[in-house]
Amino acid sequence: PASVNTTQAVSVTATSQADTTKSATATVNLLPPAGSFAPIFVHSGGAAYTDSLGNSWSADTSFIGGSISSTTNNIANTPDPKLYQTERYGDFSYQFTVPNGSYSVLLKFAEIYWSKPGQRIFNVSINGTQVLTNFDIVAAAGAALTAIDEPFPITVTKGQISIQFTSGSADLPKVSA
């Protein structure tokens, strides 16, 4: 076919030019081109922002629940401290509609309230699978006011990415971006 808009199987027959009595047939499965998908960048608790790599982060969106806070303190370990100076905290979730497929979900954290390990411990699930258990930002980053990113490969089969932040043994969960 000149174009492929739906998945389809076609038969292809190859005939020898040297001996036209010889041929073979094969079935070829054709898939439509993958749609273009723009990555989703969300500045949790913050305004729209363009980072040092030119990525455009939207103002906080697609959340259910939680509250926001911010700091003017400098954040270590990042060329983009502004992304880590805001937060959504509490028991909350984010939900995004996406095409089915494989993704990397990158969560950005910096502890802007507490100063010692053990003061904030929480859990994170993506599409019902727990990906962070008893997560302590200060312990993971090595200090407060220090950026740390946590990547998670996921496979979407129902057209949704749902990220759920739930309380653990100390204080409330949070995310920066």
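Calculation rules
Residues numbered from 1 in each chain as written. Predicted model: local features only at pLDDT ≥ 70, side-chain atom pairs only at ≥ 80, totals over all residues. Heavy atoms only, no water. Helix = DSSP H or I, 4+ residues; strand = E, 2+ residues; numbered from the N terminus. Rg over C-alpha atoms; globule rule 2.2 N^0.38 Å. Buried < 20%, exposed > 50% of the residue type's maximum accessible area, 1.4 Å probe, protein only. Contact = heavy atoms within 4.5 Å. Areas by Shrake-Rupley, 256 points an atom, 1.4 Å probe, with all protein chains shown as cover. Lys, Arg positive; Asp, Glu negative; His and termini not counted. Charge placed at Lys NZ, Arg CZ, Asp CG, Glu CD. Pairing = 2+ DSSP bridges. Core = buried A, V, L, I, M, F, W, Y, C linked by side-chain atoms within 4.5 Å. Phe/Tyr/Trp six-rings, centres within 6.5 Å; stacked < 30°, edge-to-face > 60°. Lys NZ or Arg CZ within 6 Å of the ring centre and 35° of its normal.

**Student:** Run through the overall build of the protein, naming residues and quoting values.
**Tutor:** Along its length, the protein carries 2 helices and 15 strands. Taking 2.2 N^0.38 as the reference for a compact globule, 177 residues should give roughly 16 Å; the C-alpha atoms of the protein span a radius of gyration of 23 Å, well beyond that estimate. Projecting the C-alpha coordinates of the protein onto the three principal axes gives extents of approximately 80 × 35 × 30 Å. Looking at the 177 residues of the protein, the share that counts as buried comes to 37%. A separation threshold of at least 6 residues defines the contact pool for the protein, and within that pool the share at least 24 residues apart is 65%. Approximately 9,900 Å² of the protein is accessible, and the part contributed by carbon and sulfur atoms is 53%. Distance between charge centroids for the protein: 3 Å, based on 8 positive and 11 negative side chains.

**Student:** Got a sec to walk through the sheet that holds strand S7 (residues 67-70)? Specific residues and values, please.
**Tutor:** What links the strands of a sheet is backbone hydrogen bonding, and the strands pair in either a parallel or an antiparallel sense. Spatial strand order, S7-S8-S15: 3 strands in an open sheet with antiparallel pairing. Because the sheet does not close on itself, it has two edges, and the strands there are S7 and strand S15 (174-175). Relative to S15, strand S8 (residues 86-89) runs antiparallel, the two being bridged by 2 bridges. Paired with Tyr89 across the strands is Lys174, a residue of S15.

**Student:** I'd like a description of the nonpolar core, backed by residues and values.
**Tutor:** Of all hydrophobic cores here, the largest spans 23 residues; its most connected members are Tyr94, Leu107, Phe109, Ile161, Ile163 and Phe165. The set of elements that each furnish at least two residues to this core consists of strand S9 (92-97), strand S10 (101-109), strand S11 (121-126), strand S12 (129-135), strand S13 (148-156) and strand S14 (160-170). Setting aside residues up to four positions removed in sequence, Ile163 forms contacts with Phe92, Ser93, Tyr94, Phe96, Val105, Leu107, Val124, Ser125 and Ile126. Formed by 9 residues, the second largest nonpolar core is a distinct cluster that contains Trp57, Ile75, Ile112 and Ala177.

**Student:** Could you give an account of the packing of aromatic side chains, naming the residues involved and the relevant values?
**Tutor:** Summed over all chains, the structure comprises 10 aromatic pairs. Here the aromatic rings of Tyr113 and Trp114 are separated by 4.8 Å at their centres, their planes lie at 90°, and the arrangement is edge-to-face. Aromatic rings pair up to connect Phe63, Phe92, Tyr94, Phe96 and Phe165 into one cluster. Over the ring of Phe63 we find Arg88; its NZ or CZ atom is 3.4 Å from the centre of that ring.

**Student:** An account of the pairing of S12 is requested, with residue identities and associated values reported.
**Tutor:** On a regular strand, each side chain points to the face opposite its neighbour's, so the side chains alternate between the two faces of the sheet. Inspection of the sheet shows S11 paired to S12 by 4 bridges, in the antiparallel sense. Within S12, the residue paired with Ser125 across the bridge is Gln130. Hairpin connection of S11 to S12: 2 residues between the antiparallel strands, including Asn127 at a positive phi of 50°.

**Student:** Residue-level account of the sheet that holds strand S4 (residues 49-50), with values.
**Tutor:** Here 3 strands make up an open sheet; going across it, the order is S3-S5-S4 and the pairing mixed. Of all strands in the sheet, those bounded by a partner on one side alone are strand S3 (42-43) and S4. Examined bridge by bridge, S4 and strand S5 (residues 56-59) share 2 bridges and lie antiparallel to one another. When the sheet's bridge partners are listed, Tyr49 is paired in S5 with Trp57.

**Student:** Kindly report on unusual backbone geometry, identifying the contributing residues and their values.
**Tutor:** Phi is positive for Leu145, which is not a glycine, with a value near 55°. Looking at the element boundaries, Leu145 is found in the loop between helix H2 (137-141) and S13. Residue class for Leu145 comes out partly exposed when judged on its relative accessible area of 26%.

**Student:** Tell me what's going on with the environment of Ala140, and back it up with residues and numbers.
**Tutor:** Mapped onto the fold, Ala140 is located in helix H2. Remark: the alpha-carbon pair of Ala140 and Ser176, spanning 36 residues in sequence, is separated by 15 Å. If near-sequence neighbours (up to four positions away) are discounted, Ala140 is found in contact with Phe135 and Ile148.

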